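A closer look at the structure
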Amino acid sequence: MELFAQLTQLFGPSGYESRVREFIKNELKDLADEIIEDAIGNLIVFKKGYGENKKKIMLSGHTDEIGVQVIKVEDNGMIMVKSLGSSWIYTTYQSRVQFKNGTIGVVASRVRPDKIDDKFTNLYVDIGLSKKEDVLKLVDVGDAGVYMGSFETLAGDYITAKAIDDRVGCYMMMETLKNVKSAYHDVYYVFAVQEEVGCRGSKVTAARIKPDLGIAVDVTPGHDRPGDLEGSNTLGNGTAIKISDTSVICDEALNELMFALCKENNIPYQKEVIYVGGTDASSMNMSGYGVKAGAVSVVTRYTHGPNAIVNKKDIEASISLLSKLVDTKLEFLV
Ligand SMILES: [Zn+2]
């Protein structure tokens, strides 16, 4: 879990993900057959399979996290930001954010808190300075920032941190590669950029790889607390195998195989259906002439905020499923 802890603390808002990419590349360079970095920053770690009827499997987790970007520095030193990716205004308010150069600020409101509404420009970042020229020495228009949220272990196998979406996916792919080393299939471990702003990285990567099967490795929201949307996702009850979200309907045969693998190997799992949000599974699914797609997810509470919560056992179950999947003959593709 040390590796997961480190991943969550790296700076990587959408479009500014080089620190995450470099970290992952460094960790995996000795295990890969080939590493490709493309023009927009996707990291593709290729591991050749040994199987006679091997296929191309693309696993896609994203390196970006929710952030903010400066749109204006005001005369009194208040920094106006927009959201990079979709964040809750109520979780952003009074969070700490950190810019790439290490400058820390607190998100405050220019109106009374109950009047913020859903208007991001009602917020501002306070770095402690009150003059525009002083602020500009540290923070300029266009600078991106991320939430601060340390990695902490909670009671009952739970973890909280910032950027769990989707460093947990990056972590699970890294562990899968370490676990299986060479698998039956050719596996492309894709650490994709800019998922939070519209699945951009996985779209071009799928076009490059032309996979036979595309699996998103990501988080999915929990449905076991009163403020959640409706649904069946619960924490601590196993890896979540996606059935559908607003962007994709997952391949039935692939899902049947994943359910069977979980049963055979005593991997706890749950079926995931959500009606808000999407994943990289959609861009793989819709690439080329169409690609069978699915997603292995970790149910997460309070995603897109500085203090998301996941359960260790769900992460372990997801790694176990992915490790089995890449090493299992895919009869339905033959
Ligand atoms: Zn995500």
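How each quantity is defined
Residues numbered from 1 in each chain as written. Predicted model: local features only at pLDDT ≥ 70, side-chain atom pairs only at ≥ 80, totals over all residues. Helix = DSSP H or I, 4+ residues; strand = E, 2+ residues; numbered from the N terminus. Rg over C-alpha atoms; globule rule 2.2 N^0.38 Å. Contact = placed C-beta atoms within 7 Å. Buried ≥ 20, exposed ≤ 12 C-beta atoms within 10 Å, placed from the backbone. Pairing = 2+ DSSP bridges. Domains from an automatic or database assignment. Nonpolar A, V, L, I, M, F, W, Y, C, P; charged D, E, K, R; others polar. Core = buried A, V, L, I, M, F, W, Y, C linked by C-beta atoms within 7 Å. Axes fitted to C-alpha atoms, helices over the stretch in contact; angles between N-to-C directions. Parallel < 35°, antiparallel > 145°, perpendicular 65-115°, else oblique. Left-handed = near helix turned anticlockwise from the far one by under 90°.

Of the regular secondary structure elements, the protein holds nine helices and 17 strands. Against the globule reference of 20 Å for 334 residues, the protein gives a C-alpha radius of gyration of 20 Å, in line with a compact fold. Summarising the internal contacts of the protein: among those between residues at least 6 apart in sequence, 75% fall at separations of at least 24.

Another aspect to go through is the pairing of strand 16 (residues 292-300). With respect to burial, strand 16 is a largely interior element, nine of its nine residues being buried. Burial along strand 16 is two-sided: the face carrying Lys292, Gly294, Val296, Val298 and Thr300 and the face carrying Ala293, Ala295, Ser297 and Val299 are both buried. With nine bridges connecting them, strand 13 (residues 213-221) and strand 16 associate as parallel partners. Bridge pairing in strand 16 links Gly214 to Ala293. Across two bridges, the pairing between strand 14 (residues 239-244) and strand 16 is antiparallel. Bridge pairing links Ile241 to Val296 in strand 16.

This part takes up the domain arrangement of the protein. Per the domain assignment, the segments making up the protein are domain 1 (2-65 + 162-333) and domain 2 (68-147). Distance from the C-alpha centre of domain 1 to the C-alpha centre of domain 2: 31 Å. Contacts between domain 1 and domain 2 engage 12 residues on the former and 12 residues on the latter. Looking at side-chain class alone, the side of domain 1 that touches domain 2 contains six nonpolar, three polar and three charged residues.

Let us look at the pairing of strand 7 (residues 104-109). As paired strands, strand 6 (residues 96-99) and strand 7 are joined by three bridges and run antiparallel to one another. What sits directly across from Arg96, in strand 7, is Val106. Hairpin geometry of strand 6 and strand 7 is characterised by an intervening segment of four residues between the two adjacent antiparallel strands and by a positive phi of about 95° at Gly102. Sheet topology note: the strand 7/strand 8 (residues 123-126) ladder contains four bridges and is antiparallel. Note that in strand 8 the partner of Val107 across the bridge is Val125.

This brings us to the environment of Val190. Residue placement: Val190 occurs in strand 12 (residues 186-192). The class of Val190 is buried, set by 33 C-beta atoms lying within 10 Å. Separated by 155 residues in sequence, Val190 and Ile35 place their C-alpha atoms 9.9 Å apart. What Val190 contacts, discounting residues up to four positions off in sequence, is Asn42, Ile44, Met58, Leu59, Ser60, Ser202 and Thr205.

Here we take up the nonpolar core. With 90 residues, the main nonpolar core has Leu59, Val168, Val310, Leu321 and Leu322 as its most contacted residues. Among the elements that take part in this core, helix 5 (residues 164-180) stands out by supplying nine residues, more than any other. Counting residues domain by domain, this core receives three or more from each of domain 1 (2-65 + 162-333) and domain 2 (68-147). Apart from the residues within four sequence positions on either side, Val310 is in contact with Ile159, Ile164, Val168, Leu235, Val298, Thr300 and Ile315.

Remark on secondary structure: sheet strands pair via backbone hydrogen bonds, oriented parallel or antiparallel. Across the sheet, which stays open at both edges, the eight strands sit in the order 1-2-12-3-13-16-14-15 with mixed pairing between neighbours. Of all the strands in the sheet, just strand 1 (34-37) and strand 15 (269-273) have a single pairing partner and so form its edges. Each strand axis lies, on average, 25° off the axis of its neighbour in the sheet, ignoring direction. Of the pairings in the sheet, the one linking strand 14 to strand 15 comprises five bridges and is parallel in character. Across the sheet, residue Lys242 finds its bridge partner in strand 15, namely Glu272. Along the sheet, helix 5 contacts strand 2 (43-47), strand 3 (56-62), strand 12, strand 13 and strand 16; its crossing angle with strand 13, the most-contacted strand, is approximately 135°.

Further remarks concern the sheet that holds strand 11 (residues 158-161). Here three strands make up an open sheet; going across it, the order is 10-11-17 and the pairing antiparallel. Looking at which strands have only one partner, the edges of the open sheet turn out to be strand 10 (152-153) and strand 17 (308-311). Where strand 11 lies against strand 17, four bridges are found, and the strand directions are antiparallel. For Thr160, the partnering residue across the bridge sits in strand 17 and is Ile309.

Each neighbour pair has its own omega, and for Asp165 with Asp166 the value is 5°, a cis peptide bond. Topologically, Asp166 is positioned in helix 5. Positioned with a positive phi, Lys181 is a non-glycine residue whose angle comes to about 50°. Turning to its location among the elements, Lys181 is positioned in the loop between helix 5 and strand 12. We classify Lys181 as exposed; it has 9 C-beta atoms within 10 Å.

Where helix 5 meets helix 9 (residues 312-325), the axes come as close as 9 Å, and the angle between the chain directions of the two elements is 50°. The pairing of helix 5 with helix 9 is recorded here as oblique in orientation. Handedness of the helix 5/helix 9 crossing: right-handed. In this structure, helix 5 contributes Val168, Met172, Glu175, Thr176, Asn179 and Val180 to the contact, and helix 9 contributes Ile315, Ser318, Ile319, Leu322 and Ser323. Across the contact of helix 5 with helix 9, the residue classes tally to six nonpolar, four polar and one charged.

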